[in-house]
Amino acid sequence: MQAVNEKEEKTLEIFVDTVLNRFQDLKNAISSFIMKLENENLNWPHVLDNFALISSQVNSALKILRTDKIPPLRNRTFLPLALSPDRDEELVKLTEGRVQAFNHEIVPDYLRTKPDPEIEAREQQFALKSHSIPMDMAQKQITAITKIVNNILDTVKANRDAWESDSGQRASATQTSSLADTSALIMAITHGKGLKPASGSPKGQPTNPQPPPQQPTRPASGGKVPSGIKTNIKSAASMHPYAR
């Protein structure tokens, strides 16, 4: 009998370690998701991926808890061995700073198996109120709320269809840009392609050369005027009225 109890205790210890590891993974996934929500701009597919990861880890933990290979935990009783108002460093480390001391104020909250008396009383009031409603009135309320939910679903589906239709129209709209023109513009801005003049003249010379300016005629050496100029001067002097 003692060997059976030892085997059961060892199995329970291994099971508790496994459950703690699963819940630690779940805690890390939730913390990572909260950090991403606060510090990153997540789109809807990424949010769904994080929810799927958390859901799979919850299902894995529940699967371990429901297995028949371990003794049921509901048959175990968890009791505090000692209560102290002083700070317990080991407890702080185990709870990651959430619980400073295992005192008379903390124990009722952490070891209770039922809700608070006030919450339990309110829950009972709601249950009595729900049972006191006649069946036909309850059916009318169910029909009314079902109608409201169906109207909301129809509105959401109609808006979704309209949005998908608009998205399809925008995707199939006529293209207003040309890839070739865009590439040509980029090449012209970055490399100057297409901006150089046409090759009609030799390289390095202007296309419309100006004629060279004419040099003025210098007089001959000695200050003498050419013969043509002398003749003109003499003829003009002989025609002067005071030359006689």
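This is a predicted model, so every value here is computed, not measured.

Quick look at the overall build of the protein now. When its secondary structure is counted, the protein shows eight helices and zero strands. In the structure as shown, the protein presents an accessible area of about 22,200 Å², 58% of it carried by carbon and sulfur atoms.

Topologically, Thr 146 is positioned in helix α6 (residues 135–171). Taking relative accessible area as the criterion, Thr 146 reaches 38% and is therefore assigned partly exposed.

Using the criterion set out here, one finds six salt bridges in the structure. The partner of Arg 87 in a salt bridge is Glu 89, and the shortest N-O contact between them spans 2.8 Å. For the residue pair Arg 87 and Glu 89, the accessibility class agrees, reading exposed in each case. When the shortest N-O distance is used, the salt bridge between Arg 112 and Asp 109 registers 3.9 Å. Residue classification places Arg 112 among the partly exposed residues on the basis of a relative accessible area of 40%. Among the residues examined, Asp 109 registers a relative accessible area of 47% and is labelled partly exposed. Sharing partners across several salt bridges, the network here consists of Lys 27, Glu 96 and Arg 98.

Note that Asn 43 resides in the loop between α1 (2–39) and α2 (44–65). The class for Asn 43 is partly exposed, based on a relative accessible area of 37%. In this structure the side chain of Asn 43 is engaged in a polar contact, spanning 3.0 Å, whose partner is the side chain of His 46.

Now for the packing of aromatic side chains. Tallied over the full model, the rule gives one aromatic pair. Between Phe 33 and Phe 51, the ring centres sit 5.2 Å apart and the planes meet at 65°, which makes this aromatic pair edge-to-face. Taken together, the residues Phe 33 in helix α1 and Phe 51 in helix α2 connect sequence positions 18 residues apart.

To continue, consider α2. Taking 1.5 Å of rise per residue, 22 residues should cover 32 Å, and α2 covers 32 Å from first to last C-alpha, within 8% of that figure. Among the residues of α2, those classed as buried are Val 47, Asn 50, Ile 54, Gln 57, Ala 61 and Ile 64. Along the long axis of α2, the arc covered by the buried residues comes to 125°, so they all point the same way. Exposed side of α2, more than 90 degrees from the buried face: Trp 44, Asp 49 and Lys 63 are the residues found there.

Below, the discussion takes up a nonpolar patch on the surface. The grouping of Phe 23, Val 58, Leu 62, Leu 65 and Leu 73 at the surface amounts to a nonpolar patch, some 360 Å² of accessible area in total. Element by element, the count of residues in the nonpolar patch is highest for α2, at three residues. By the element assignment, Leu 65 lies in helix α2. Overall, the relative accessible area of 33% leaves Leu 65 in the partly exposed class.

Tracing the sequence through the fold places Asn 103 in the loop between α3 (89–94) and α4 (107–110). Those residues in contact with Asn 103 that sit more than four places away from it in its chain are Leu 83, Ser 84 and Pro 85.

A few words now on unusual backbone geometry. Non-glycine residue Glu 96 carries a positive phi angle of around 55°. Tracing the backbone shows Glu 96 in the loop between α3 and α4.

Our focus in this paragraph is helix α7 (residues 179–191). Here α7 contains 13 residues, and its C-alpha end-to-end distance of 18 Å stays within 8% of the 18 Å for a straight helix at 1.5 Å per residue. Immediately beyond the C-terminal end of α7, within one or two residues, lies Gly 192, with a positive phi of roughly 75°.

All right, on to the confidence of the model for the protein then. Here the protein averages 77 in pLDDT, while 74% of its residues score no lower than 70. Every residue in residues 228–237 scores below 50 in pLDDT, and together they form two contacts with partners more than four places removed in sequence or on other chains.

Rules and cut-offs
- Residues numbered from 1 in each chain as written.
- Predicted model: local features only at pLDDT ≥ 70, side-chain atom pairs only at ≥ 80, totals over all residues.
- Heavy atoms only, no water.
- Helix = DSSP H or I, 4+ residues; strand = E, 2+ residues; numbered from the N terminus.
- Areas by Shrake-Rupley, 256 points an atom, 1.4 Å probe, with all protein chains shown as cover.
- Buried < 20%, exposed > 50% of the residue type's maximum accessible area, 1.4 Å probe, protein only.
- Salt bridge = Lys/Arg side-chain N within 4 Å of Asp/Glu carboxyl O.
- Polar contact = N/O pair within 3.5 Å; in protein donor to acceptor, adjacent residues only side chain to side chain.
- Phe/Tyr/Trp six-rings, centres within 6.5 Å; stacked < 30°, edge-to-face > 60°.
- Expected span 1.5 Å × (residues − 1).
- Arc of directions from axis to C-beta.
- Patch = residues over 30% accessible without salt bridge, like charges linked within 9 Å, V, L, I, M, F, W, Y side chains within 5 Å.
- Contact = heavy atoms within 4.5 Å.
- pLDDT = per-residue confidence, 0-100.

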